[in-house]
Amino acid sequence: MTTPARTLRLTSCLVLAVAAVVLGGLSVHRKVAAFQPVGFQGGPSGGLTRVDRVLDRGTGLAPGDLILLVDGSEAAGDLALGSRLRSRPESELAVLRGGQVVRLQYHRPPLAPDYSYLILALIGGAYLLIGLFTLIRQRGAEGFLFCLWCMTSALLYLLTPVPPLDFEFRLVFAGDQLARIFLPPLTLHLLLIFPSPLPAVSTRRRRAVAFLYLPAAVLLALQLDLMLANGRFLFGRPSESALRALDSVELIHLVGYALLAVAILVYRLLRDPGWEQRRQLHWVVFGVAGGYLPFFLLYVVPWVLQLPLPELLRAIAVLPLALVPLCFAYAILRYKLWDIEVIARDIVSGTLTLLLGVIGFSLVNLAITRGISQELALVRNLLSFAAGLGIAGLLVPTRNSLSAALERLQYRGTFGKRRALLGLGRDLLHERDLGRLCTSLLDRLESGMDLERANLYLAQGEQLFAAHHEELLPEATWAQTPVPAGTSSSSLGGFELPLGPTMPLAPPALLAESPAARFLPRSLPLRAFSAEFWRANVVRLDGVRLPGEPASPLQRLFIAGYRYAFPLTVRGREVGLVLASHKRELVPLNSEDLELIRHLLNQAALAIENAQLVGQLHVQLEEVQRLQSYSHGIFESSPGGIAVLDRGHRVLSANPAFAALVGRPRESLIGSPIAAVLPVAPLPPPGEAPLEVSFCDSSGKERYLQLSLAEFAAASGTPGAAREPLFILLAHDVSERVTMENALKEKERLAALGMLAAGVAHEVNTPITGISSYAQMLLAETPESDPRYSILKKVERQTFRAARIVNNLLEFARNRQSERRPLAIEPLLHECVDLLAERLEHRPIELCWDTPQRPPAAAGGGGDRDRARTAEPILVMGSDGELQQVFTNLLGNALDAMANLERGRLGIGLHATETTVVVRIEDSGPGIPPEKIDTIFQPFFSTKLHRGGTGLGLAISHDIVKRHGGRVRVESAPGNGACFEVELPRHRPAAAGAL
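Residues numbered from 1 in each chain as written. Predicted model: local features only at pLDDT ≥ 70, side-chain atom pairs only at ≥ 80, totals over all residues. Heavy atoms only, no water.

Trainee: Which parts of the structure should I look at to understand the overall build of the protein?
Mentor: Along its length, the protein carries 30 helices and 28 strands. Expressed as a percentage of the 995 residues in the protein, the buried residues total 41%. Long-range pairs, those at least 24 residues apart, make up 64% of the contacts in the protein with a sequence separation of at least 6. Here the protein displays about 53,700 Å² of accessible surface, and carbon together with sulfur accounts for 61% of that area. (Helix = DSSP H or I, 4+ residues; strand = E, 2+ residues; numbered from the N terminus. Buried < 20%, exposed > 50% of the residue type's maximum accessible area, 1.4 Å probe, protein only. Contact = heavy atoms within 4.5 Å. Areas by Shrake-Rupley, 256 points an atom, 1.4 Å probe, with all protein chains shown as cover.)

Okay, here's the thing in structure tokens:
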């Protein structure tokens, strides 16, 4: 799993890699352009270019000349002047010399490629690739730090500031200085924590490591001050002595850190670390010595002594520097020693391809620049662009060709056999004889991969049985497997262990001579291998165990001389197990070998399964016939109704129980649509839970059936034809059970509500009566103009409403009918909102009406009121108290749902058709979970029990609406609020209907 820290490390290194590529590409481009010298060094002077130093007398220039014209046109800027002089072999110059204008013929110096720089740039690219590869493969601080070290080294090798002194020069110079300054502390830091942190860098002292970078930070600050502000802030006024002192400090910084790094390496080697750390240190020392010593002796020493150094010797001196990142990368990746050839081949092919691309483009661009006049700038740019596209298109096939050539060189005699293994898998798929298939697979695997031996176990039941012709060792003799006497020590599975005459394992060097190396267990239990083992592509075997412990199956295979196990699975089923030893001369398999074997075995697993299936075909045919007879008996004798339907849901066959359920003769069902036989729609979807439906049989009696539908593909009579989908319809008569369940539910509901009603009537009526009496007494003593009069009226109405609720609860339990009359719905809704006005006034809730008539509070002028009065009211036949209870309860629930919202929306809608009236109450609360939608109308179910809810509001409301001949629907999704719809029959007076 990728952690945020690892993601940050990877992102940082990728950003640094992109910066290194951009700056490196810019530096390489300028450096390659500088391969064509202009023969002099100069600088700006009064808008012209002044010649400070002449490097080639063939140019005809002299120190102090001011270049005025080039081929009759003005020379503007050092960069443009250099490009124009490099573009042509000869140019006519006009220079100001000694106060006089002199015309002379300029001859371009010969091309002078810097091969050492090209090799260093190639090594810098290798640093980039190795650093990123190591970061991806190695999780940890050492991998991240090594990647930073590689990126910094890549900048050091790639960046070379090349005049003129423009912005690009400053950018490359800054990157070069950054790499030079920070590479020494990065190297020291890497050696402090790798291969394991030193005691001085323990967890408690890691913050102190940051001080390693303090001198580098100070030097970088001084360099930036010099470069950007001319020393105004930190360095001071630049002078020759000050600059020399800064160079000396940087040299001391480099030498000091280098000596500390060498001291740490020596200290680590003298500490006698473990075998793994010692091996890693050996590779680090090998890389440092093999890379830096030749460079120091053949390049640095002659340069310090100012000895002439041939270009070829300089190129040879920088080549070993490529060993440094390779050896460091291997030391960090630890166990990838056998992959070093593959890694080197990929790096070499990729690097050569990149180098050929860069060099090819640079040479083509140089040829275009020299061969085409500067006046044809558009033609030069188009040709350069076309050349870049052409070279980019050739990079992939070039890399593939180089990789194939290197692979052929690497494997030599076995290359052809390895290639033949790629096609062996397809040939094995046509083999049906299991014995020949296994023998061919193992023989070709041994010869193609140059293995000492290979073997195969095949899964049969709960065991794995060996399929090779090797001599097999009886199970009872495994505990007494002898080991050659006189063995003192060896390395097993990467661990050094003392061995004696009684140790159960032989050293790898003697396994080929040991008697146990020629034997395998005849069978292995399948349960001895874990699920992780079968999901792996390859498992490396390890023979290490403590004395006295029994050997595991994998350790037995290791003792027999095998080092790799390849699980064979097909669609998650265990097919077998292929074993492979090391190559001849005990050479381990590299990742490319393992990938090739795995690719072959993926196809071989299918071939083995096919061969096993052919051998089992006759047994399976007999089993099919037996199962057909068995299933036919079940079909005929099943007490449940079974019908087979075709794609058009026509009955193909039915058992006697199904014919009895539908009350028709069995013969008359064949070919009839299921809708005519069983008038139930829709049928349950295939494969889903059973569906309970009701229908009236031929006698008119309502019956309940439990239906389920399953789909299967029937075999066609024509070979190769498509399989026709059929359906199995299962029907069970559950009428008696449904009747008993409904009766039981009704009795339980009435019993619970009767007890509740009695308790509520006893406990609530007394305080309600007292409140009502006091409210009436206060109303009698309060004039109507008093502001408290309206509040007392509300109290009175609410007490009356509470009394009605108690009475309604009793009526709900007794299931009695209330007196009904024509009732206008919209005024009733306004009254319900008015009852909740106090709650609405103190809440940030927007009330939205969607009714045929606007609410009175929102009506505009007198004309609106007149239109509202003259509009036809929407009437229903019902009890105003009961319906008010329904709508007030739904509105109160909506307000409770938005209790925790900063801002809510309460919508009230009223819509009517010719026959129905629909009232919509919706809120913007959190909504109702899908699993609770079906239970909200059940008595005593409430989501507000902890806030005083009883769970009766929706149950009573549902019962009231049902008694009014209507229904309640709810729509809700988590996070999107809830919407309740109350649908009631519309009442139209006879006189209104006649109009």
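Trainee: What's the story with unusual backbone geometry in this structure? I'm lost.
Mentor: Negative phi is the rule for most residues except glycine; trans is the rule for most peptide bonds. The backbone phi angle of arginine 571 is positive, close to 55°, even though this residue is not glycine. Position of arginine 571 relative to the elements: it lies in the loop between strand S15 (564–570) and strand S16 (573–580).

Trainee: Which parts of the structure should I look at to understand the packing of aromatic side chains?
Mentor: Both the distance between ring centres and the angle between the ring planes are used here to describe each pair of aromatic rings. Taken as a whole, this structure holds five aromatic pairs when the rule is applied. Measuring from ring centre to ring centre gives 6.1 Å for phenylalanine 529 and tryptophan 534, while their planes differ by 70°; the resulting arrangement is edge-to-face. Residues phenylalanine 529 and tryptophan 534 agree in their burial class; the two are buried. Three or more aromatic residues joined by ring pairs make a cluster, and in this case those are Phe529, Phe533 and Trp534. Directly above the ring of phenylalanine 558 sits arginine 563, whose terminal nitrogen or CZ lies 3.8 Å from the centroid. (Phe/Tyr/Trp six-rings, centres within 6.5 Å; stacked < 30°, edge-to-face > 60°. Lys NZ or Arg CZ within 6 Å of the ring centre and 35° of its normal.)

Trainee: I keep staring at the nonpolar core and nothing clicks. Help me out?
Mentor: Taken as a class, soluble globular proteins show a tendency for nonpolar side chains to be buried jointly. Among the nonpolar cores identified, the biggest contains 60 residues, and Tyr127, Leu128, Trp149 and Leu188 are the most heavily contacted of them. Among the elements that line this core, the one with the most residues is helix H4 (residues 141–158), at 12 residues. Grouped together as the second largest cluster of nonpolar side chains are 38 residues, Ile874, Ala894, Ile960 and Phe980 included. (Core = buried A, V, L, I, M, F, W, Y, C linked by side-chain atoms within 4.5 Å.)

Trainee: What's the story with the packing of helix H6 (residues 214–229) against helix H7 (residues 240–270) in this structure? I'm lost.
Mentor: Angle between the axes and distance between the axes are the two parameters that describe a pair of packed helices. Following both chains from N to C, one finds H6 and H7 inclined at 155°, their axes separated by 11 Å at the closest point. Considering the angle they form, H6 stands roughly antiparallel to H7. For H6 against H7, the interelement crossing comes out left-handed. On H7, the residues that touch Pro215, Ala216, Leu219, Leu222, Gln223 and Leu226 of H6 are Leu243, Leu246, Val249, Glu250, His253 and Tyr257. Partitioning the contact of H6 with H7 into residue classes produces nine nonpolar, two polar and one charged. (Axes fitted to C-alpha atoms, helices over the stretch in contact; angles between N-to-C directions. Parallel < 35°, antiparallel > 145°, perpendicular 65-115°, else oblique. Left-handed = near helix turned anticlockwise from the far one by under 90°. Nonpolar A, V, L, I, M, F, W, Y, C, P; charged D, E, K, R; others polar.)

Trainee: Whenever I open this one, the sheet that holds strand S8 (residues 463–466) confuses me. Can you help?
Mentor: Strand pairing in a sheet is mediated by backbone hydrogen bonds. Such pairs are either parallel or antiparallel. Taken together, six strands build an open sheet; the order of strands is S13-S8-S7-S16-S15-S14 and the sheet is antiparallel. Lying at the two open borders of the sheet, with one neighbouring strand each, are strand S13 (523–525) and strand S14 (539–540). Two elements, strand S7 (residues 454–460) and S16, share five bridges in a ladder whose sense is antiparallel. Across the sheet, the residue bridging to leucine 456 is valine 578, located in S16. Relative to the sheet, helix H14 (residues 434–449) contacts S7 and S16, its axis offset from that of S7 by approximately 150°. (Pairing = 2+ DSSP bridges.)

Trainee: Any chance you could explain the pairing of strand S28 (residues 978–987) here in plain terms?
Mentor: Counted residue by residue, S28 has eight buried out of 10 residues, so it is predominantly covered. The sheet contact formed by strand S24 (residues 875–878) and S28 spans two bridges and is antiparallel. Within S28, the residue paired with leucine 875 across the bridge is histidine 987. Strand direction decides the pairing type here: strand S26 (residues 916–923) and S28, joined by seven bridges, are antiparallel. In the sheet register, threonine 916 faces S28, and the bridge partner there is proline 985. Relative to S28, strand S27 (residues 967–972) runs antiparallel, the two being bridged by six bridges. Looking at the pairing, serine 972 lines up with alanine 978 of S28. Remark: five residues form the turn of the hairpin made by S27 and S28, two consecutive strands paired antiparallel; glycine 975 in that turn has positive phi of roughly 90°.

Trainee: Hey, could you run me through the pattern of salt bridges in this one?
Mentor: For side chains of opposite charge, pairing can occur when their charged atoms come near one another. Following the criterion strictly, the structure yields 24 salt bridges and no others. Close ionic contact of aspartate 52 with arginine 50 constitutes a salt bridge, the shortest N to O distance being 2.7 Å. In this structure aspartate 52 comes out as partly exposed when scored by relative accessible area, which is 40%. The partly exposed category is assigned to arginine 50, whose relative accessible area is 29%. Across the pair arginine 97 and aspartate 65 runs a salt bridge, and its minimum N-O distance is 2.8 Å. Pair noted here: arginine 97 is in strand S5 (residues 90–97) and aspartate 65 is in the loop between strand S2 (48–54) and strand S3 (66–70), with a separation of 32 residues, a long-range link. (Salt bridge = Lys/Arg side-chain N within 4 Å of Asp/Glu carboxyl O.)

Trainee: What's the story with a nonpolar patch on the surface in this structure? I'm lost.
Mentor: A grouping of Leu251, Leu254, Val255 and Leu259 is seen on the molecular surface, where their side chains present a nonpolar patch of about 380 Å² in accessible area. Checked against the element boundaries, leucine 254 lands in helix H7. Leucine 254 gets classed as partly exposed once you look at its relative accessible area, which sits at 44%. (Patch = residues over 30% accessible without salt bridge, like charges linked within 9 Å, V, L, I, M, F, W, Y side chains within 5 Å.)

Trainee: Explain the pairing of S8 to me, please; I cannot follow it from the model alone.
Mentor: Working note: regular strand, side chains alternate between the two faces of the sheet. With four bridges joining them, S7 and S8 adopt antiparallel strand pairing. Across the sheet, the residue bridging to leucine 458 is phenylalanine 465, located in S8. Two elements, S8 and S13, share three bridges in a ladder whose sense is antiparallel. Within the sheet, the bridge partner assigned to phenylalanine 465 lies in S13 and is serine 523.

Trainee: What is the right way to read H14 from this model?
Mentor: Its 16 residues give H14 an end-to-end C-alpha distance of 22 Å, which sits within 8% of 22 Å, the value for a rise of 1.5 Å per residue. By the burial criterion, the buried members of H14 are Leu437, Cys438, Leu441, Leu442, Leu445, Glu446, Gly448 and Met449. Once H14 finishes, aspartate 450 follows within two positions and takes phi at roughly 60°, a positive value. (Expected span 1.5 Å × (residues − 1).)

Trainee: Is there a simple way to explain the environment of leucine 260 in this structure?
Mentor: Positionally, leucine 260 belongs in helix H7. For the pair formed by leucine 260 and leucine 188, sequence separation is 72 residues and the distance between their alpha carbons is 7.2 Å.

Trainee: How do you make sense of the confidence of the model for the protein when you look at a structure like this?
Mentor: Interpretation of the predicted coordinates at a detailed level should be avoided for regions scoring low in pLDDT. A residue-level look at the protein finds 77% of positions with pLDDT of 70 or above and a mean pLDDT of 76. At the level of individual helices and strands, the protein shows its lowest average pLDDT in strand S11 (residues 495–498), which scores 30, and its highest in S26, which scores 94. Segment residues 471–518 is flagged for pLDDT under 50; beyond a separation of four residues in sequence, or across chains, it makes 91 contacts in the model. Segment residues 855–870 is flagged for pLDDT under 50; beyond a separation of four residues in sequence, or across chains, it makes 10 contacts in the model. (pLDDT = per-residue confidence, 0-100.)

Trainee: Would you mind going over the packing of helix H28 (residues 880–897) against helix H29 (residues 953–963) with me for this structure?
Mentor: Contact pair H28 / H29: the axes reach a minimum separation of 9 Å and the direction vectors enclose 140°. Considered as vectors, H28 and H29 are oriented oblique to each other. Remark: the crossing between H28 and H29 carries left-handed chirality. The segment H28 lies against H29, with Glu882, Gln885, Val886, Asn889, Leu890 and Asn893 engaging Gly953, Leu954, Ile956, Ser957, Ile960, Val961 and Arg963. Of the residues contributing to the contact of H28 with H29, the split by class is six nonpolar, five polar and two charged.

Trainee: What should I look at first to understand the environment of arginine 268 in this one?
Mentor: Following the sequence through the fold, arginine 268 ends up in helix H7. Judged by its relative accessible area of 3%, arginine 268 falls in the buried class.

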